[in-house]
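Topology and contacts: notes
Given next are the chains, with one letter for each unit.
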Amino acid sequence: MIIDCACKKYKFAVKAEEIGINGRVVQCGVCDQKWFQEPASTEEFKVLKDNYIKEEEEKIKKAKAQKPIKEKSDKNYVPVKYEKTIEKDYTKIFLTILVISVISLAFSFENREYIISKNPELIDFFSLLEEFVEYLKKYYSDIIDVLTPKQN
Ligand SMILES: [Zn+2]
């Protein structure tokens, strides 16, 4: 709303909400005069308020329309980088554990007679492991059998 200064020399553009429904005392920024500013008429106030609400809604709409683009670009960039480093670390740890397990398993298998003599309760485990090794041998010899005729 436009309000006139009490000095009648200046006009000011003020938001109707700032004056409020009940009016308020205002001061001219130029001549320092104070006066009680009557509120805008109810109808005028309503229109101004509606305009204000529309402006705020448009601001929110614009902010919402802009935010997803920013969030998407952030999400596309940061987490991918984050996951990759984590994945690499776990792969290394997993491979290290796997290699150590295989080596220690192979080592204990080679020395199974000694280990069984010290720990008889492990005989079931090693007989199972022996079965598995036999199966592997058979499996790979089958593959070798398939491959060898080509070489002959
Ligand atoms: Zn004034």
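Preceding this paragraph is the structure being described.
Below is a short write-up of the structure.

The rules we used
Residues numbered from 1 in each chain as written. Predicted model: local features only at pLDDT ≥ 70, side-chain atom pairs only at ≥ 80, totals over all residues. Heavy atoms only, no water. Donors = N, O, S within 2.8 Å, 3.2 Å for Na, K, Ca; no water. Tetrahedral: all angles 85-135°; square planar, octahedral: opposite > 155°, others 65-115°. Salt bridge = Lys/Arg side-chain N within 4 Å of Asp/Glu carboxyl O. Helix = DSSP H or I, 4+ residues; strand = E, 2+ residues; numbered from the N terminus. Buried < 20%, exposed > 50% of the residue type's maximum accessible area, 1.4 Å probe, protein only. Pairing = 2+ DSSP bridges. Polar contact = N/O pair within 3.5 Å; in protein donor to acceptor, adjacent residues only side chain to side chain. Contact = heavy atoms within 4.5 Å. Phe/Tyr/Trp six-rings, centres within 6.5 Å; stacked < 30°, edge-to-face > 60°. Lys NZ or Arg CZ within 6 Å of the ring centre and 35° of its normal. Core = buried A, V, L, I, M, F, W, Y, C linked by side-chain atoms within 4.5 Å. Patch = residues over 30% accessible without salt bridge, like charges linked within 9 Å, V, L, I, M, F, W, Y side chains within 5 Å. Areas by Shrake-Rupley, 256 points an atom, 1.4 Å probe, with all protein chains shown as cover.

Around the zinc ion, the donor atoms from the protein are Cys5 (SG), Cys7 (SG), Cys28 (SG) and Cys31 (SG), and they sit 2.1 to 2.5 Å away. Geometry at the zinc ion is irregular, judged from the 4 donor atoms that bind it and their angles of 85 to 154° at the metal.

With that settled, consider the pattern of salt bridges. The final tally for this structure, using the stated rule, is 4 salt bridges. With a shortest N-O distance of 3.2 Å, Arg112 and Glu130 are connected by a salt bridge. Of this pair, Arg112 sits in helix 3 (residues 112–118) while Glu130 sits in helix 4 (residues 123–151), and the two are 18 residues apart along the sequence. Glu130 gets classed as partly exposed once you look at its relative accessible area, which sits at 34%. Between Lys137 and Glu134 there is a salt bridge, with the nearest N and O atoms lying 3.9 Å from each other. Placement of the pair is Lys137 and Glu134 together in helix 4, with a separation of 3 residues, close to one helical turn. Note on Lys137: relative accessible area 52%, which makes it exposed.

With that out of the way, let us pick up the pairing of strand 4 (residues 34–37). Here 4 bridges tie strand 3 (residues 24–27) to strand 4, and the two strands are oriented antiparallel to one another. For Val26, the partnering residue across the bridge sits in strand 4 and is Trp35. Count of turn residues in the strand 3/strand 4 antiparallel hairpin: 6 residues, of which Asp32 carries a positive phi of about 65°.

All right, on to the side chain of Arg112 then. Polar side-chain contacts of Arg112 include one of 3.2 Å to the side chain of Glu130. When neighbours within four sequence positions are excluded, Arg112 is seen to be in contact with Phe126 and Glu130.

To continue, consider the side chain of Gln37. With respect to the helices and strands, the residue Gln37 is situated in strand 4. A polar contact of 2.9 Å, which involves the side chain of Gln37, links it to the side chain of Trp35. With near-sequence residues (within four places) excluded, Gln37 lies in contact with Met1, Ile3, Asp4, Ile19, Gly23, Arg24 and Val26.

For the structure shown, the criterion picks out 3 aromatic pairs. Here the aromatic rings of Phe125 and Phe126 are separated by 5.2 Å at their centres, their planes lie at 75°, and the arrangement is edge-to-face. Phe126 sits in the buried class, given a relative accessible area of 2%. Pairwise contacts between aromatic rings join Tyr135, Tyr139 and Tyr140 into one cluster. Here the basic side chain of Arg112 rests over the ring of Phe109, its NZ or CZ set 4.1 Å away from the ring centre.

With that out of the way, let us pick up the nonpolar core. In terms of nonpolar packing, the biggest core is built from 11 residues, these being Met1, Ile3, Cys5, Cys7, Val14, Ala16, Ile19, Val26, Cys28, Trp35 and Ala40. Core analysis: the next-biggest nonpolar cluster, separate from the first, contains 6 residues, Ile115, Phe126, Leu129 and Val133 among them.

So, about a nonpolar patch on the surface. Together, Phe132, Tyr135, Leu136, Tyr139, Tyr140, Ile143, Ile144 and Leu147 line one region of the surface with nonpolar side chains, adding up to about 800 Å² of accessible area. Locating Phe132 in the fold gives a position in helix 4. For Phe132, a relative accessible area of 46% gives the class partly exposed.

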